[in-house]
Amino acid sequence: MRLRMLSGLGALTAAAILTGCDSQPDTTKLAETKVDAAAKLKATKAAKVKKAAQVRANELGQIPVLMFHRIVPKPQTTDDRSPQQFKADLERLVREDYVPITAAEMVAGKIDIPAGKHPVVLTFDDSSPSQLTLNQMGEPQKDTAVAIMKEVADAHPGWKPKGTFYVTRDMFGKTVREEQAQMLLWLKDNGHEIGNHTSDHLNLRGRSHKEVEDQIGKIAAQINALSYTKPTTIALPYGNQPNKKDWAMRGKLYNHQGAFLAGYTPAPAPFSKSYDAAGIPRIKAMDKKGDCAQFCSHAWLDWLKKNPDMRYTSDGDPRTVAYPKYKAPYLRKSFTTWSLPY
């Protein structure tokens with residue numbers, strides 16, 4: 001009887017051994033899984049590199065940040081554009097494969113546009129009624145900036161009617177709180193950015209820390225109270241930084257990720273070593289006349305078209321920073337993990 005039991009145990013043991021020979025240890029399976037995952041990752045990266053090379057992606061290139069003010073039938077200053085001029089400005093951007101992003105998206109590095117396209121930031125200073133006026137139905141008035149942007153977008157699917165509106169206490173000509181809220185909420189609900197332009201549009205250069213904080217903080221609090229929005233970017237009046245440029249970035253009532261100037265050049269990409277979040281240049285929207293023959297939007301867009309290796313071109317993936325290998329020295333170290341050289 002005891003012998004039979006031992007014989008039975010032996011048989012079970014043998015069966016277990018035989019069964020074990022047909023299965024791999026967990027460590028082997030894990031190793032194979034890691035190998036498969038690594039192979040898939042390598043293949044995915046190779047495909048991204050190939051795509052980036054095909055479209056000649058350069059996400060260390062320069063970005064035009066265009067500066068607009070009033071859109072009026074009869075321009076009175078070089079800051080003004082007529083509705084016809086403004087529409088022509090936008091249609092040129094469409095033809096040359098520019099896609100609008102907001103200033104907030106730019107400074108955050110969230111540049112999500114199709115492969116082979118170029119980002120452009122459309123900024124509007126001083127919260128003029130010519131930029132945004134709503135009719136009794138709550139729709140943009142004809143020939144205002146937002147109406148023209150929508151018109152161009154409707155005619156060109158894929159082109160985004162996105163702008164960044166830098167607000168002062170004038171609030172698009174509205175003085176009643178409910179009407180001010182309507183303006184800001186319309187912008188917010190339609191994909192535009194609301195930015196800070198100080199309460200009274202004062203030159204911040206030479207002013208005390210308290211004056212700077214009051215000017216920026218007051219309008220920041222007003223915007224937040226009206227639209228539940230905390231601006232993440234600021235356009236400095238006259239393009240002038242305060243005595244300490246960090247005063248414009250951080251204060252008791254605000255925390256900006258980018259401060260925009262009124263300069264004369266395209267802006268470095270946020271992934272580039274030459275990028276300065278506290279002093280991002282913009283380009284005045286203007287034809288090639290006088291000083292603008294060299295330093296305004298028409299001139300710079302011509303230059304970027306003639307020098308495509310200097311222009312930001314997207315690889316289509318907002319999670320990577322693609323660029324030709326020879327541009328590697330210009331990449332900011334904080335974006336090393338996003339790096340996709342080809």
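Whatever comes next refers back to the structure up there.
Cut-off values and rules
Residues numbered from 1 in each chain as written. Predicted model: local features only at pLDDT ≥ 70, side-chain atom pairs only at ≥ 80, totals over all residues. Heavy atoms only, no water. Axes fitted to C-alpha atoms, helices over the stretch in contact; angles between N-to-C directions. Helix = DSSP H or I, 4+ residues; strand = E, 2+ residues; numbered from the N terminus. Left-handed = near helix turned anticlockwise from the far one by under 90°. Contact = heavy atoms within 4.5 Å. Nonpolar A, V, L, I, M, F, W, Y, C, P; charged D, E, K, R; others polar. Buried < 20%, exposed > 50% of the residue type's maximum accessible area, 1.4 Å probe, protein only. Phe/Tyr/Trp six-rings, centres within 6.5 Å; stacked < 30°, edge-to-face > 60°. Salt bridge = Lys/Arg side-chain N within 4 Å of Asp/Glu carboxyl O. Disulfide = S-S within 2.5 Å. 1 Å grid on protein atoms, 1.4 Å probe; cavity = no way out; pocket = protein on both sides within 12 Å on 5 of 7 lines; lining within 4 Å. Points joined across faces, edges and corners; volume = space filled by probe spheres on them. Expected span 1.5 Å × (residues − 1).

Asks: What should I look at first to understand the packing of helix H3 (residues 83-95) against helix H5 (residues 145-155) in this one?
Replies: Packed helices, taken two at a time, are described by the angle between their axes plus the distance between the axes. At a minimum axis separation of 10 Å, H3 and H5 run at an interaxial angle of 40 degrees. Once H3 is placed against H5, the crossing between them reads as right-handed. Mapping the contact onto sequence places Pro83, Phe86, Lys87, Leu90, Glu91 and Val94 in H3 and Ala145, Ile148, Met149, Glu151 and Val152 in H5. Considering only residue class, the contact of H3 with H5 consists of 8 nonpolar, no polar and 3 charged.

Asks: So what exactly am I meant to see when it comes to the environment of Asn224 here?
Replies: Tracing the backbone through its elements, the reader meets Asn224 in helix H7 (residues 209-227). Asn224 gets classed as partly exposed once you look at its relative accessible area, which sits at 28%. Considering only alpha carbons, one finds Asn224 and Gln257, 33 residues apart in sequence, at a separation of 17 Å. Those residues in contact with Asn224 that sit more than four places away from it in its chain are Thr229 and Lys230.

Asks: Even after reading the chapter, I still don't get the packing of aromatic side chains, so can you show me in this structure?
Replies: Centre-to-centre distance and the angle between the planes together describe a pair of aromatic rings. Applying the stated rule across the entire model yields 11 aromatic pairs. Following the ring pairs from residue to residue traces out a cluster consisting of Phe68, Phe86, Phe124, Phe165 and Phe172.

Asks: Would you take a moment to explain the pattern of salt bridges for this structure?
Replies: Pairing between side chains of opposite charge can happen when the charged atoms of each approach one another. Counted according to the given criterion, the structure contains 20 salt bridges. Residue Glu96 pairs with Arg92 through a salt bridge whose shortest N-O separation is 2.9 Å. We note that Glu96, like Arg92, is buried. One continuous salt-bridge network, built from bridges that share partners, spans Arg92, Glu96, Lys288, Asp302 and Lys305.

Asks: Mind showing me how you'd approach the state of the cysteines here?
Replies: Here a disulfide denotes one covalent bond, and it connects the sulfur atoms of two cysteines. Under the defined criterion, the tally for this structure stands at 1 disulfide. With a sulfur-sulfur separation of 2.0 Å, Cys292 is cross-linked through a disulfide to Cys296. Between Cys292 and Cys296, the S-S dihedral sits near -45 degrees, and the bridge is therefore left-handed. Taking the relative accessible area as the measure of exposure, Cys292 reaches 7% and is therefore buried. The exposure class of Cys296 is buried, given its relative accessible area of 1%.

Asks: Even after reading the chapter, I still don't get the layout of surface pockets, so can you show me in this structure?
Replies: If a probe as big as a water molecule is rolled over the atoms, it shows which places are left empty. In this structure, the largest pocket encloses a volume near 280 Å³. The wall of the largest pocket is formed by 20 residues, among which Met67, Asp79, Ala262, Tyr264 and Lys284 lie closest to the centre. Class assignment for the residues of the lining of the largest pocket results in 8 nonpolar, 6 polar and 6 charged.

Asks: What is the right way to read H3 from this model?
Replies: Given 3.6 residues to a turn, an α-helix orients residues that are three or four positions apart in the same direction. In a regular helix each residue adds 1.5 Å, so 13 residues correspond to 18 Å; H3 covers 18 Å between its end C-alpha atoms and thus fits that length. On its buried face, H3 sits against strand S1 (65-68), strand S2 (98-101), strand S3 (118-125), H5 and helix H9 (297-306). One or two residues past the end of H3 sits Asp97, with phi positive at roughly 65 degrees.

Asks: Hey, could you run me through unusual backbone geometry in this one?
Replies: Where the residue is not glycine, phi is negative for most of them; where a peptide bond is considered, it is trans in most cases. With a phi angle near 45 degrees, Ser127 is a residue other than glycine that sits in the positive phi range. Examined against the element boundaries, Ser127 turns out to sit in the loop between S3 and H5. Positive phi, normally seen in glycine, also occurs at Met171, with a value near 50 degrees. With respect to the helices and strands, the residue Met171 is situated in the loop between strand S4 (164-167) and helix H6 (177-189).

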